[in-house]
Amino acid sequence: MHESLILTIPVEHAGKRLDQSLAELLPGYSRSRIQAWCDAGGVRLDGKPATRKHKLWGGERAEVVPQAHPSERPHRAEAIALDVQYEDAEVLVIDKPPGLVTHPGAGNWEGTLLNALLHHAPQLADIPRAGIVHRLDKDTSGLMVVAKTLAAQTALVRALQARTVRRTYWAVAYGELARDAGEIEAPVGRHPTQRTKMAVLESGKPALTRYRVLRRYPGATWVECRLATGRTHQIRVHLAHLGHPLVGDPVYAGHRKGRWDFHRQALHAVRLGFDHPASGEALEFEAPPPADFQSLLDALERSSDERG
């Protein structure tokens, strides 16, 4: 919490909204930040709380209590259950459920995997990003490794860069892939106009996904994908680039619909392998898909039986 700022609203600001006036009087803060302070009750006019839309007369005494943005505050430990697959003094392997955000960010400053990790192992507060070395999208489920020491984090980041971490995913894509196996080598970068999306771009970073078909169904394919690189949304973008976006993907499947009631991208990190950063032992983990993913596979199997 910062000290209060005391201001007198200039007479020439009569008729302006409070947030507009304060944005001019406090150029060091954005209007959106000032609006957030108003909404949180951090702005008073003549001793009374004022809304951002309050119309000014001029001459009012304004008291503003600046508040730290969530991104500037220390991350808080939260008692969120973790499905721990393995743990020792250096590493932690978890099976992340769908719907859990990995790292705090805009719109999700609390209730994330990072907050859960700080509660599970408080010493992670001394490690950058609480030991997280790679992410899964909010609605992607499956295995992740977390470093519990700085040395382990450094070693795992280097292993990821060297492409020696083995990450295998199960996906269900729309349509029936023609080839039984193949590689998708196409650079991935930020979409030029839709900033929340990634896309295949000549200017993007190199990206390679290897895949093999596990089972074809009427209108969908169960695919196993292995990451050679780890670009943001890589599997989702690469399969969409082939013309086979993931079932349920709200970003890359557009308005495409199937006969299946599935409300997230059908993607699960099923296997994870890496060399232990301290002992060098090769570790391998496997996690079955969550109930919704398995239900989707069961529904596809039934549709295949009906067709047959």
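Scroll up to find the structure.
What this report covers is the structure whose coordinates are included nearby. What you see is a predicted model; the values in this text were computed from it and never measured.

## Concerning the sheet that holds strand β4 (residues 61–64)
No. 1: Taken together, 4 strands build an open sheet; the order of strands is β1-β4-β2-β3 and the sheet is antiparallel. Bordering the open sheet on either side are β1 (5–8) and β3 (48–49), each of which pairs with just one other strand.
No. 2: Relative to β3, strand β2 (residues 43–45) runs antiparallel, the two being bridged by 2 bridges. Bridged to Arg44 within β3 is Pro49.

## Comments concerning the nonpolar core
No. 1: Counting residues in hydrophobic clusters, the biggest one holds 30 residues, and the most contacted among them are Leu117, Leu124, Tyr169, Ile235 and Leu239.
No. 2: Those elements that place two or more of their residues in this core are β6 (91–96), α3 (113–120), β7 (141–147), β8 (166–174), β12 (208–217), β13 (220–227), α5 (234–241) and β14 (267–275).
No. 3: Once you skip the residues sitting within four places of it in the chain, Leu124 turns out to touch Leu117, Leu118, Ala130, Ala147 and Lys148.

## What to know about the pattern of salt bridges
No. 1: A complete count under the given rule lists 17 salt bridges for this structure.
No. 2: As a salt-bridge pair, Asp39 and Arg52 come within 2.4 Å of each other at their nearest N and O atoms. In this pair, Asp39 is assigned in helix α2 (residues 31–39) and Arg52 in the loop between β3 and β4, connecting sequence segments 13 residues apart.
No. 3: Classification of Arg52 as partly exposed rests on a relative accessible area of 26%.
No. 4: Taking the shortest distance from any N to any O, the salt bridge between Arg271 and Glu224 comes out at 2.6 Å. Here Arg271 is found in strand β14, whereas its partner Glu224 is found in strand β13, with 47 residues between them in sequence.
No. 5: Overall, the relative accessible area of 7% leaves Glu224 in the buried class.
No. 6: Residues joined by salt bridges that share partners form a network here, namely Arg212, Glu224, Arg271 and Glu286.

## Focus: the pairing of β13
No. 1: Among the 8 residues of β13, 7 are classified as buried, and the element is accordingly described as predominantly covered.
No. 2: Note that β8 and β13 share 8 bridges and pair antiparallel. Within β13, the residue paired with Tyr169 across the bridge is Cys225.
No. 3: Pairing geometry for β12 and β13, over 8 bridges, is antiparallel. Each bridged residue has a counterpart across the sheet, and for Arg216 the counterpart in β13 is Thr221.
No. 4: Once β12 ends, the chain turns through 2 residues before running back antiparallel as β13, passing Gly219 with a positive phi of about 90°.

## Some details on α3
No. 1: Counting buried positions along α3 yields 6 of 8 residues, so the element is predominantly enclosed.
No. 2: Every buried residue of α3 is accounted for by Leu113, Leu114, Asn115, Ala116, Leu117 and Leu118.
No. 3: Packing partners of the buried residues in α3 comprise β6 and β7.
No. 4: Residue Thr112 occupies the N-cap position of α3, its side-chain oxygen lying 3.3 Å from the main-chain nitrogen of Leu114.

## Side note on unusual backbone geometry
No. 1: Of note, Asp46 is a non-glycine position whose phi angle comes to about 50°, a positive value.
No. 2: Along the chain, the position of Asp46 falls in the loop between β2 and β3.
No. 3: Even without being a glycine, His233 presents a positive backbone phi close to 60°.
No. 4: When you line up the elements, His233 lands in the loop between β13 and α5.

## Focus: the side chain of Ser141
No. 1: Here Ser141 is to be found in strand β7.
No. 2: What makes Ser141 buried here is its relative accessible area of 1%.
No. 3: Those residues within four positions of Ser141 in sequence are excluded, and the remaining contacts are Lys96, Pro97, Pro98, Leu136, Arg264, Leu267, His268, Ala269 and Pro290.

Conventions we followed
Residues numbered from 1 in each chain as written. Predicted model: local features only at pLDDT ≥ 70, side-chain atom pairs only at ≥ 80, totals over all residues. Heavy atoms only, no water. Pairing = 2+ DSSP bridges. Helix = DSSP H or I, 4+ residues; strand = E, 2+ residues; numbered from the N terminus. Core = buried A, V, L, I, M, F, W, Y, C linked by side-chain atoms within 4.5 Å. Buried < 20%, exposed > 50% of the residue type's maximum accessible area, 1.4 Å probe, protein only. Contact = heavy atoms within 4.5 Å. Salt bridge = Lys/Arg side-chain N within 4 Å of Asp/Glu carboxyl O. Polar contact = N/O pair within 3.5 Å; in protein donor to acceptor, adjacent residues only side chain to side chain.

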